[in-house]
Amino acid sequence: MSIYDSLNKEQKKAVCHTEGPLLILAGAGSGKTRVLTHRIAYLIEEMGVKPWNILAITFTNKAAKEMRERVDRLVEYGSDQIWVSTFHSMCVRILRRYIDRIGFGTDFSIYDTDDQKTVIKAVMKRLNVDPKQFKERSLMSAISSAKDELISVREYELDAQYDYTKKVIAQVYREYQETLQSNNALDFDDIIVKTVELFHRCPEVLDSYQERFQYIMVDEYQDTNTAQFELIRLLALKYRNLCVVGDDDQSIYKFRGANIRNILDFEKYFEEAAVIKLEQNYRSSQTILDAANAVISNNKGRKDKALWTERGAESKIHLRQFDSAYEEADFIADDVAHKVRREGLSYKDCAILYRTNAQSRVLEERMIYEGIPYNVVGGTNFYSRAEVKDILAYLKTIDNGRDEMAVRRIVNIPKRGIGNATLDKLSAKAQEMSFTLYDVMEIADELSGLGKSCAKVRPFVELIESFREKAERMTVAELIQEIIHRIDYEEYLKDNDSDSAEDRMENVNELISKAVIFQKQNEEATLTDFLAEVALVADIDNVEAGDDRLLLMTLHAAKGLEFPHVYIAGMEDNIFPSSMSIYSNNEEDIEEERRLAYVGITRAMQDLTLTYARSRMLRGETQYNPVSRFVREIPQQLLDSTLPAPRRSMEDRRMAEEMFGIPSREIDPPSGFDYRPKATVKPKITVQADKPFIAKGIGSLNQIAGISRGMSTQPETGVDYAIGDRVKHIKFGEGIVTGMTKEPRDYKVTVEFDQAGTKIMYASFAKLKRV
DNA sequence: TTTTACTTCGTTTTT
DNA sequence: CGAAGTAAAA
């Protein structure tokens, strides 16, 4: 019996088709990861392909890690020799070796979105671009899409000649690229673009990688953009053993430049390509698949396919309407609690999905209220938190003095009396001498015309120099510790805001732990490597399977995951599909949202619950939205409750009145529009200045719950009650503690409530008070 | 130069 | 409604 016997006929075909281009159209839940891992195993074990000649590209680090582990279980040896990597980390790896051939230093920095924004702003100022007329946001996305499409500055300029707006964008684009180059920095898009440029300009480098990667596999192929396609096209050009796996129905990253034509036209680019469809679904019940198929069938221009399963209909899709988002959240919390406490389900079997990150707040508040342990995926990335970025900026400055962004960030942290005025003077001087900002600072006291403020620069330079010297013989973790000690970072945080200082320090410590772990896993790794690693982690990468927690995330973040019980909240027009897509009047935008709906529905294995609210607060305004059109696209017999009659617009009503003289029935707004939660739990620390980060999302919930973040990594020791004590719960009232069990990072407490009966809850969530 | 108070602005989704 | 940016004050 071989490992391939467990595959179905189509899967087997895909695994054994090893030579030449191959397109695998893999529907949701059709076992595409299985196919990919088995295919790699087959190449090694049956075809005698050397592991180091195989390249597998995934979308996230998490997927890469999973794939490597699964391959490792299938093959005898060599799984560590395969390149399993994301586009970005693969390109960084290549560029670290060869980017000096196209005018960058191999110790380049990587700029995240915040850094980009800062650069754009500075550029706009320098070029006198009117911020009223041009939003930095749109400039950024214009530049980003140009890069995704591999349009160079020069090409953009040529195209812009007769268009004022484009001309301005072209100017900003040029200046932006020049700034990045002089900072020896690349943004996310550049990481791909520069690799393509390297391959074009240095055929011998390309050739060496073509020889190296004789068998290439790309996962989530529908999400690739033009630049990424060009990259893999070049790599595969010589041996043409390119296998791409994707599902056009799950293409949801158009806004990020994903080019759906890459998958729809694959057979045009590679004429000899074989196409295999995987349509048998191993994940969901028939009912869920029927709903998904019904919704997605409203899209035009898709590859023809339909999912099927051997499973039965099982339970219907639950549909619930509420008066407000509070009630919606209340219902979901109760429903999850019920399933866990009465039906023996685990929290980790459930997920709540929503369209926008902003929707997580109300849900989070309710989960705390109900005592449900949860994690939020997404929101603000751990590495974009101010305190983490401060420390990283120190590291970047030490590592790459040309990174002006980093230098500017930390030059006055802690306060050294070096403000914008001084910095601008130094910066101008730097420009004039074509030095970097840091170079000028080093020689500041020898320069004339800088005034007395330059005396303050000296100690800063000396500090950095001493760090550089120490960095030679220290680990990254030790270096961070040295930095926070020398600049007394804790004191700085306390001066700024004593309330949050402790939490922030906790994040810094978390960063130190990450550095320790990183260096343990990569013994040869340098500071540069650590900074690159840190720049390329995504939120989803931090979701660990171990914790028994309910997951909250956007529909986008949910792609590739599955859960027995899925809730999709906010099923309303203007929320989902988003108002942007509705008002754009472009059917393609709605189709993209519909694919998102398809992704959401197909995450569910057994049970799917769709909820919507008649009123919802948005930007301080109450909106009344009709139920999502996607819900209406689900056949009624699959739903467990009936939909309200389609709401008629005011015009329709007026017309009906005029034509028939009948006053139309009042449907909206609903009765309960002023609904307030019975007793809102006011988070002690609200989600503001300090928007929760993810770092597995734990930080966020602790912060909302008013619990020190320290508990996210260490078990709580300080509960002030024990078995036999009388305690009070915010919702269930008073009761007696009848049991306590210690869990790795928490206590599980059993309480017999006077009114509400016996409940089992986590101590850190229940916030029980001794009475 | 830094802090504070007021205004404005806007919200999709993110490697 | 909340964050972020700007103008004025210390």
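Residues numbered from 1 in each chain as written. Chains lettered and ligands numbered in written order. Predicted model: local features only at pLDDT ≥ 70, side-chain atom pairs only at ≥ 80, totals over all residues. Heavy atoms only, no water.

A. Looking closely at the overall build of chain A. Across its full length, chain A carries 32 helices and 21 strands. Residues classed as buried in chain A amount to 56% of the 771 residues present. Of the contacts formed within chain A by residues at least 6 apart in sequence, a portion of 73% connects residues at least 24 apart. Total accessible area on chain A stands at roughly 34400 Å², and carbon and sulfur atoms take up 49% of it. (Helix = DSSP H or I, 4+ residues; strand = E, 2+ residues; numbered from the N terminus. Buried < 20%, exposed > 50% of the residue type's maximum accessible area, 1.4 Å probe, protein only. Contact = heavy atoms within 4.5 Å. Areas by Shrake-Rupley, 256 points an atom, 1.4 Å probe, with all protein chains shown as cover.)

B. The nonpolar core, seen in detail. Membership of the largest hydrophobic core comes to 52 residues, with the highest contact counts inside it found for Leu 392, Leu 395, Met 441, Tyr 489, Leu 511 and Phe 530. Contact partners of Leu 511, with chain neighbours within four places excluded, come to Phe 382, Tyr 383, Val 388, Ile 391, Leu 392, Ile 480 and Phe 530. Core analysis: the next-biggest nonpolar cluster, separate from the first, contains 47 residues, Leu 186, Leu 198, Ile 216 and Phe 266 among them. (Core = buried A, V, L, I, M, F, W, Y, C linked by side-chain atoms within 4.5 Å.)

C. Region of interest: the protein's contact with DNA strand B. Neighbouring DNA strand B are 23 residues; Lys 135, Arg 355, Ala 421, Met 580 and Arg 619 lie closest to it. Taken together, the sugar and phosphate atoms account for 57% of what DNA strand B places within 4 Å of the protein. One of the side-chain nitrogen or oxygen atoms of His 88 is found 3.1 Å away from a base oxygen of DNA strand B. One of the side-chain N or O atoms of His 556 is found 3.4 Å from a base oxygen in DNA strand B. Counting residues per element, the surface near DNA strand B draws most heavily on helix H19 (residues 420–433), at 3 residues. Among the residues making up the surface near DNA strand B, the classes are represented as 6 nonpolar, 10 polar and 7 charged. (Near = heavy atom within 4 Å. Polar contact = N/O pair within 3.5 Å; in protein donor to acceptor, adjacent residues only side chain to side chain. Nonpolar A, V, L, I, M, F, W, Y, C, P; charged D, E, K, R; others polar.)

D. Quick look at the state of the cysteines. Tallied over the full model, the rule gives 0 disulfides. Looking at Cys 16, it has no disulfide partner, and the nearest cysteine sulfur is the one in Cys 243, 12 Å off. Of the cysteine sulfurs around Cys 91, a residue in no disulfide, the closest is that of Cys 202, at 15 Å. (Disulfide = S-S within 2.5 Å.)

E. Representation of helix H9 (residues 188–201). In this model H9 runs 20 Å from its N-terminal to its C-terminal C-alpha over 14 residues, within 8% of the 20 Å that 1.5 Å per residue would give. One side-chain oxygen of the residue at the start of H9 lies 3.0 Å from the amide nitrogen of Asp 189, identifying that residue as Asp 187. (Expected span 1.5 Å × (residues − 1).)

F. Seen up close, the packing of aromatic side chains. Considering all chains together, one arrives at 16 aromatic pairs under this definition. Centre to centre, the rings of Tyr 221 and Phe 266 are 5.7 Å apart; their planes meet at 85 degrees, and the pair counts as edge-to-face. Residue Tyr 221 is found in the loop between strand E6 (215–218) and helix H11 (226–236), and its partner Phe 266 is found in helix H13 (residues 266–269); the two are separated by 45 residues along the sequence. Chaining the aromatic ring pairs together yields one cluster made of Trp 83, Tyr 98, Phe 199, Tyr 209 and Phe 213. Lying over the aromatic face of Trp 83, Arg 93 brings its terminal NZ or CZ to 3.8 Å of the ring centre. Between Arg 96 and the ring centre of Phe 108, over which it is positioned, the NZ or CZ distance is 4.0 Å. (Phe/Tyr/Trp six-rings, centres within 6.5 Å; stacked < 30°, edge-to-face > 60°. Lys NZ or Arg CZ within 6 Å of the ring centre and 35° of its normal.)

G. How the structure looks around the environment of His 565. Its place among the elements puts His 565 in strand E13 (residues 563–568). With a relative accessible area of 6%, His 565 lands in the buried category. In this structure His 565 touches Lys 339, Leu 345, Asp 349, Cys 350, Ala 351, Gln 606 and Asp 607, once residues within four positions along its chain are discounted. A polar side-chain atom of His 565 sits 3.1 Å from a polar atom in the side chain of Lys 339.

H. Molecular detail of the environment of Tyr 253. Residue placement: Tyr 253 occurs in the loop between strand E7 (242–246) and helix H12 (261–264). Judged by its relative accessible area of 10%, Tyr 253 is buried. C-alpha separation for the pair Tyr 253 and His 556, spaced 303 residues apart in sequence, amounts to 8.4 Å. Residue contacts for Tyr 253: discarding those within four places in its chain leaves Phe 59, Asp 223, Ala 258, His 556, Lys 559 and Glu 592.

I. Summary view of the packing of helix H4 (residues 87–98) against H9. For the pair H4 and H9, the least separation of the axes is 9 Å and the interaxial angle reads 55 degrees. Taken as axis vectors, H4 and H9 run oblique relative to one another. Crossing of H4 against H9: the hand is left-handed. Residues Phe 87, His 88, Cys 91, Val 92, Ile 94, Leu 95 and Tyr 98 of H4 pack against Phe 188, Ile 191, Ile 192, Lys 194, Thr 195, Leu 198 and Phe 199 of H9. Looking at the contact of H4 with H9 residue by residue, the classes come out as 11 nonpolar, 2 polar and 1 charged. (Axes fitted to C-alpha atoms, helices over the stretch in contact; angles between N-to-C directions. Parallel < 35°, antiparallel > 145°, perpendicular 65-115°, else oblique. Left-handed = near helix turned anticlockwise from the far one by under 90°.)

J. Up close: the sheet that holds strand E10 (residues 350–354). What the 6 strands build is an open sheet, ordered E9-E14-E13-E10-E12-E11; its pairing is parallel. Both edges of this open sheet fall to strand E9 (318–322) and strand E11 (374–376), since each of them pairs with a single strand only. Adjacent strand axes in the sheet meet at a mean angle of 20 degrees, parallel and antiparallel pairs treated alike. With 5 bridges connecting them, E9 and strand E14 (residues 604–613) associate as parallel partners. In the sheet register, Phe 322 faces E14, and the bridge partner there is Ala 613. (Pairing = 2+ DSSP bridges.)

K. Broad picture of the pattern of salt bridges. By the definition in use, this model includes 55 salt bridges. Measuring nitrogen to oxygen at the nearest pair gives 2.8 Å for the salt bridge that ties Glu 204 to Arg 101. In this pair, Glu 204 is assigned in helix H10 (residues 203–212) and Arg 101 in the loop between H4 and strand E4 (109–111), connecting sequence segments 103 residues apart. Taking the relative accessible area as the measure of exposure, Glu 204 reaches 47% and is therefore partly exposed. (Salt bridge = Lys/Arg side-chain N within 4 Å of Asp/Glu carboxyl O.)

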